[in-house]
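The residues making up each chain are set out below.
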Amino acid sequence: MSDQPSEASRPPEQSPQADPQQQPEPQPPAPTAAAAPDPSVKAATPDQLVKAAAAADAPSRAGTPAAGAGNPWQYGAGAPGARNSTGDGVTARLRPPAPPLIRPAVLWTVLATAVLSALLLGDGLGVNLLIVAVLAALAAFFAARSAGRRLRPWTATWAVGGLALLAVPALRDAGWPTFLAVVSAFALGSLALHGSRSWLGVLIGSLGLFDSVVPGIIWGVRGIRARADGSRARWGAGLRTTAVAAVLLVVFGTLFASADAAFADLLGSLIPDVSLGDGPWRIFLFALGLAGALAAAYAAAAPVRWDGITVSPGKPRGRVEWALPLIVLNLLFAAFIALQLVVLLGGYEKVRAETGLDHAEYARQGFWQLLWATLLTLLVIALALRWAPRGGSRDRTLVRAVLGTLCVLTLVVVASALRRMDLYVDEYGLTRLRISVAAMELWLGVVLVLILAAGVFGARFLPRAIAVSAAAGVLAFGLLSPDGLIAEQNVQRFEARESAGIDIDYLKDLSADAVPALDRLPEPERSCALRIIQREVLHTDTPWYATSWGEARAKEILEKRPVQGDGRDCYRLGTDGVRDGYEPDDDGYDPY
């Protein structure tokens, strides 16, 4: 792949594969560094080389079709004979011309990202991931500035949201909300770089950063070559300066550390502990950070416009053909909801009187069905909008009335499902699966509200609004500490009804985020629940940058009040045949 601009404005006889440092023959100035045998030319500075490359790029940019300033992707999407750095692949028509040579600020920020990735990320995840992500975001910002891209409100929204999601690993010890937060942060960062707004653009753009990995590496290598050809003396001076500074830091740092134990401890906590045995792992992290930062910078300078992939709308149906099945579905929802009002507005006695089931059995009987009903309703709405009649204002009114009614009725179904889960949790306690599916059902309700708002105010921002709601839900889920909520609910339930029991066998496998709640349990339940967590927290030497706030808080609590006994009392607590207060059926299977 070439760093040359599009050949739309290039003379036909010029090869598109020309060397990026070679100038067109009509240029009168001195020859380039790559072709000049005269030693005096070697003294050309990198800034002169960059200006020469920019002059070579100018004809191509001047020949851009009138797609509007600040809208280069239309040029890459449909200009006749246009080529770009991605070649003739699937994304060639969606990518603008190749960006200018990589700037020094981008190069140094990318290098810093790679070095810190190798030094910090090998010991676990914490605030280190946020530090590395901020540097990668700076590299993308510098690259976008050099390519003439402006910071737009939605770009800032995606970027700030992605960085905020990376606060979850710094605050929470639990791995499952951390995983969700990291994946969501990657998706939002990719959207910030590509600026998608359509349904397919938001969906594919959240993964679009992968498409920039190979072009980004090639762009970085060619930029380094171009700058190294004319600035070998500066590169040598930079390397010598770095080596001298490193030697001075090592020598005097060693002397000060041996002179003062407090300074030695401070220095040891700040400097990453890198051993030769970790060499392959650190090299992999360096390469990963380098490739990721280059991909982000390249995508910021030359983003693939995934909005260019469109799906034609379906053939509109007649009003009766389209509306009749949906009206029948609305009537079915209304009949179901009429019975659900007994649960939503009534209490346990009404549930028993109407169904003959206790509230736990009633909740377990239908929650999953209601969750699937909500998901299928969203699918029905999407298909109905695809084939909706589009004849005029009367058709729009019909579509809004029918689908709006369906959304409102589905919101009641969502409330019924959440009520069933509340009944079940009140009886048997909270678990990771229960809190996860309840959060999922709650987010589906938010999506329905957004669809209703789009029917009133327009659907222009609906794809991005749903993406924002999903990211906000993941962020709130992580910041609320699900493991801490699980422990808190179970401890409160045990304190209110000690006869209900508490599932120590389940709680002992929670993360360090649960320690503040579990610390309130009486003995021996407290020690049995905290024994495994104490072993993991107190007997691991994790550096500060890979330690979450939840883990640090748990360590402080357990150092003040360590667990008691040798664990023999824990066997007695787990031999009553009751797990989480639930008497298993004959097959011993609990779907929750």
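For the structure itself, consult the block above.
The residue numbers shown here count from 1 along each chain, following its written sequence. With the structure being a predicted model, the display of local features is reserved for residues of pLDDT at least 70 and the display and counting of side-chain atom pairs for 80 or more, all residues being used for whole-chain, interface and lining totals. Working from all heavy atoms in the structure, the side-chain values ignore hydrogens and water.

Description of the environment of Pro99
Put simply, DSSP H or I for four residues or longer makes a helix, DSSP E for two residues or longer makes a strand, and each gets a number counted from the N terminus. Relative to the assigned elements, Pro99 resides in the loop between α2 (73-78) and α3 (104-120). Relative accessibility under 20% of the residue-type maximum defines a buried residue, over 50% an exposed one, and the middle range a partly exposed one, all with a 1.4 Å probe and only protein chains included. Looking at Pro99, the relative accessible area reads 4%, which means it is buried. Once the C-alpha coordinates of Pro99 and Ala299 are considered, the two residues, 200 residues apart in sequence, prove to be 9.6 Å apart.

Quick word on the packing of aromatic side chains
For Phe, Tyr and Trp, where Trp contributes only its six-membered ring, two rings pair if their centres lie within 6.5 Å, and the inter-plane angle classes them as stacked under 30 degrees, edge-to-face over 60, or tilted in between. Following the criterion strictly, the structure yields nine aromatic pairs and no others. Between Trp154 and Trp158, the ring centres sit 5.3 Å apart and the planes meet at 35 degrees, which makes this aromatic pair tilted. With Trp154 and Trp158 both in helix α5 (residues 153-165) and four residues apart, this pair spans about one turn of that helix. Residue classification places Trp154 among the partly exposed residues on the basis of a relative accessible area of 25%. The buried category is assigned to Trp158, whose relative accessible area is 1%. For the pair Phe186 and Phe210, a centre-to-centre distance of 5.1 Å together with 40 degrees between the ring planes defines the contact as tilted.

What about the environment of Gly122?
Here Gly122 shows up in the loop between α3 and α4 (127-146). Accessibility expressed as a relative area gives 25% for Gly122, which makes it partly exposed. For Gly122 and Arg282, which are 160 residues apart along the polypeptide, the C-alpha to C-alpha distance reads 6.6 Å. Only heavy atoms enter the contact rule, under which two residues are in contact if any of them lie within 4.5 Å. Leave out the neighbours within four places in its chain, and Gly122 touches Ser117, Trp281, Arg282 and Leu285.

By themselves these figures say nothing about function.
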